[in-house]
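Now for the letters of each chain:
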Amino acid sequence: MSDYDYDLFVIGAGSGGVRASRIAAGHGARVAICEESRVGGTCVIRGCVPKKLLVYASQFAESFADAPGYGWTVPPAEFSWADLIAAKDREIDRLNRVYLGLLDNAGVDLHMGRGRLIDGHTVAVGEQRFTAEKILIATGGRPWVPDIPGASLGFSSDEAFHLDRLPERILIAGAGYIAVEFAGIFSGLGVDVTLAYRRDRILRGFDDDIRRAVEAGMEGRGIRFRYHAAPARLETVDDGIEVTFSDDHAETFDAVMFATGRAPYTWDLGLEDAGVHTGPGNRIEVDEFSRTSVASVFAVGDVTDRVNLTPVALMEGHAFADTQFAGAKRPIDHADTPAAIFSQPPVGTVGLSEEQAREQGLEVKVFRSRFTPMKYTLAGRAEKGMMKLVVDARSDRVLGCHVVGPDAPEMLQGFAVAVRAGLTKADFDRTIGIHPTAAEELVTLRQPV
Ligand code: NDP
């Protein structure tokens, strides 16, 4: 046993930190973790989990609207934001307790307070100091808001979960995951939503057919897009917040939400004191084993700005613990990481987009289907779903699988296994469909487009 207080000290009890500490403790390490806010981190407390609960809440509007097509007479429905937020908060409290229990059961010591590196083997938490053979930084990210006049009149996703009441008109700035997900939430709950984006189409980086299908579905739900426009100034006026855009056009809203990205949370962590190198945007630079420039200090999750998704942080934390405390050698592999966007309509995606495949010089065959989901037929909803396979013309391997439409995120988990396993289009073709489902389209796509 070493002379240090602990074998491992983890800074930040979010997805990556909690997973790493539990697994390391399971391998017999003496582990402590510190947290300045609430155990559970962004995903559980102010991210994926409460977001998905709000998505569920907002989808009732569509169900009520579609129900008459199926013979239901629906009395005017009423919605209480206060009740929803209270119920959501109770669930988050429950999950917070579950996370506390997980740490406790694993025998991990929890120190509440902000952790700061003193050197490569010492962490200060408030007035206390702890030494450890290895230190893991898992402090995640924080919303980033552009530095424009009046920016403080707006809010980020952190505050969106705790608004006193719903605005009537909201502007959402940005066009990434958070912007499109919250546009759907607010719109479903009856808010008049405008999304402003500095370029020409939402969800940059995703397959173009995904971007078009989500845009069309959002427009069909009444969401307005203002492209080539970013907020340049916010001012309080009598009837709300006046936003002047980069094109000098001005418009008034009741609320402005910035979904303009997130930044690694490295502020005042003592990185310089300990000699830990940071890269662009202050992300902590790590190698394939999540090791920083200091041999005893490691980092996982959003603070390293590799692939900023909860399951990736979990994988990175787990691989770190196995490698450092179980004698395994588990380098990080981000290939074919599947992702979902809980927009309305939702997206599931894995592997290369058509554009990425072509940029890599690959010769590709593209199979695509656009169709009306069966559920929408009696409801009279015109919206179309989209399914797409990007296939390597030479090897027949399926390089990418992209779906927009109901249940797309659920569907993609299974198809991600197939893509990750390197299966071919012929493997897809000889798989029998499940009928009647939307997913069967993915094994019955016959003609390349
Ligand atoms: P993203 O990086 O996805 O999107 C940021 C958006 O803000 C982009 O549209 C970007 O434009 C725009 N933007 C950036 N800077 C400015 C600026 N100065 N003025 C105007 N617009 C600007 O960040 P998000 O905040 O949406 O999400 C953060 C991360 O959280 C994501 O990367 C994702 O990893 C994770 N996340 C995952 C979810 C999921 O898995 N379902 C859900 C929510 C978040 P441009 O395209 O021009 O750069």
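Above this note sits the structure.
How each quantity is defined
Residues numbered from 1 in each chain as written. Predicted model: local features only at pLDDT ≥ 70, side-chain atom pairs only at ≥ 80, totals over all residues. Heavy atoms only, no water. Helix = DSSP H or I, 4+ residues; strand = E, 2+ residues; numbered from the N terminus. Expected span 1.5 Å × (residues − 1). Polar contact = N/O pair within 3.5 Å; in protein donor to acceptor, adjacent residues only side chain to side chain. Core = buried A, V, L, I, M, F, W, Y, C linked by side-chain atoms within 4.5 Å. Buried < 20%, exposed > 50% of the residue type's maximum accessible area, 1.4 Å probe, protein only. Contact = heavy atoms within 4.5 Å. Pairing = 2+ DSSP bridges. Axes fitted to C-alpha atoms, helices over the stretch in contact; angles between N-to-C directions. Near = heavy atom within 4 Å. Areas by Shrake-Rupley, 256 points an atom, 1.4 Å probe, with all protein chains shown as cover. Nonpolar A, V, L, I, M, F, W, Y, C, P; charged D, E, K, R; others polar. Parallel < 35°, antiparallel > 145°, perpendicular 65-115°, else oblique. Left-handed = near helix turned anticlockwise from the far one by under 90°.

**Student:** I would appreciate a short explanation of helix α7 (residues 208-220) in the present structure.
**Tutor:** Every α-helical turn comprises 3.6 residues, leaving residues that sit three or four positions apart pointing alike. Along its 13 residues, α7 runs 18 Å from first to last C-alpha, staying within 8% of the 18 Å computed at 1.5 Å per residue. Taking the backbone nitrogen of Asp 209 as reference, a side-chain oxygen 2.9 Å away marks Asp 207 as the first, capping residue of α7. Directly beyond the C-terminal end of α7, a positive phi value near 95° is found at Gly 222.

**Student:** What should I look at first to understand the nonpolar core in this one?
**Tutor:** Across soluble globular proteins, nonpolar side chains have a tendency to be buried as a group. Residues Ile 170, Ile 172, Phe 182, Phe 186, Leu 195, Ile 202 and Met 218 are the most contacted members of the largest nonpolar core, which totals 41 residues. With residues near it in sequence (within four places) discarded, Ile 202 still touches Ala 175, Val 180, Leu 195, Tyr 197, Arg 211, Val 214, Glu 215, Met 218, Phe 225 and Tyr 227. Residues Ile 33, Tyr 99, Leu 103 and Val 300 belong to the second largest nonpolar core, which totals 26 residues.

**Student:** Please explain the sheet that holds strand β21 (residues 398-404) as it appears in this structure.
**Tutor:** The strands making up a sheet are joined through hydrogen bonds of the backbone, oriented either antiparallel or parallel. With antiparallel pairing, 5 strands are arranged side by side in an open sheet as β17-β18-β21-β20-β19. The two strands at the open ends of the sheet, each matched to only one other strand, are β17 (339-341) and β19 (364-371). The average undirected angle you get between the axes of adjacent strands in this sheet is 10°. By the bridge criterion, 6 bridges tie strand β20 (residues 385-392) to β21 in an arrangement that is antiparallel. Residue pairing in the sheet places Leu 389 in a bridge with Cys 401 of β21.

**Student:** When you look at the site of the ligand in this model, what are you seeing that I'm missing?
**Tutor:** Of all residues adjacent to the ligand, which total 21 residues, the nearest are Tyr 197, Arg 198, Arg 199, Asn 308 and Ala 340. Contacts to the ligand include Tyr 197, whose side-chain N or O atom sits 2.6 Å from an oxygen atom. Arg 199 is positioned such that a nitrogen or oxygen atom in its side chain is 2.5 Å from an oxygen atom of the ligand. In isolation the ligand has 920 Å² of accessible area, and contact with the protein removes 77% of it. The greatest single-element share of the shell around the ligand, amounting to 3 residues, is contributed by helix α6 (residues 177-188). Partitioning the shell around the ligand into residue classes produces 10 nonpolar, 5 polar and 6 charged.

**Student:** Hey, could you run me through the packing of helix α1 (residues 15-26) against helix α9 (residues 310-325) in this one?
**Tutor:** The description of two helices packed together rests on the angle between their axes and the distance between the axes. α9 packs onto α1 with a crossing angle of 30° between their chain directions and a minimal axis gap of 8 Å. Taken together, the axes of α1 and α9 are roughly parallel relative to one another. For the pair α1 and α9, the sense of crossing is right-handed. Contact residues: Ser 15, Gly 16, Arg 19, Ala 20, Ile 23 and Ala 24 in α1; Thr 310, Ala 313, Leu 314, Gly 317, His 318, Phe 320, Ala 321, Asp 322 and Phe 325 in α9. Tallied by class, the residues present in the contact of α1 with α9 amount to 8 nonpolar, 5 polar and 2 charged.

**Student:** Explain the sheet that holds strand β12 (residues 240-245) here, please?
**Tutor:** With antiparallel pairing, the 3 strands of this open sheet are ordered in space as β11-β12-β13. Two strands close off the open sheet at either side, each with one partner strand: β11 (231-237) and β13 (250-253). Strand after strand, the sheet turns through a mean of 25° between neighbouring axes, direction not considered. Relative to β13, β12 runs antiparallel, the two sharing 4 bridges.

**Student:** I'm lost on helix α3 (residues 48-66) in this one. Help?
**Tutor:** Here α3 spans 27 Å end to end across 19 residues, near enough to the 27 Å set by a 1.5 Å rise per residue. Buried residues along α3 sit against α2 (41-46), α4 (81-106), α6 and α11 (374-379).

**Student:** Whenever I open this one, the pairing of β12 confuses me. Can you help?
**Tutor:** In summary, the side chains of a regular strand alternate between the two faces of the sheet. Within β12, 5 of the 6 residues are buried, leaving the element largely enclosed by the surrounding structure. Looking at chain direction, β11 and β12 are connected through 6 bridges and run antiparallel. Each residue of the ladder has a partner; that of Pro 231, found in β12, is Phe 245. In this structure, the hairpin formed by β12 and β13 is closed by a connection of 4 residues, where Asp 248 is found at a positive phi of approximately 75°.

**Student:** Looking at this model, I keep getting lost on the side chain of Thr 194. Mind explaining?
**Tutor:** Note on placement: Thr 194 falls in strand β9 (residues 192-197). Within the local environment of Thr 194, its side chain forms a polar contact with the side chain of Arg 224, the two groups lying 2.7 Å apart. Filtering out sequence-adjacent residues up to four positions away, Thr 194 remains in contact with Ile 170, Leu 171, Ile 172, Arg 224, Arg 226 and Phe 253.

**Student:** Which parts of the structure should I look at to understand the side chain of Asp 209?
**Tutor:** For Asp 209, the location among the structural elements is in helix α7. Of note is the side chain of Asp 209, whose polar atom sits 3.1 Å from the side chain of Arg 368. A distance of 3.0 Å separates polar atoms of two side chains, one belonging to Asp 209 and the other to Arg 370. In this structure, Asp 209 is in contact with Glu 354, Arg 368, Arg 370, Met 386 and Lys 388, ignoring residues within four places of it in sequence.

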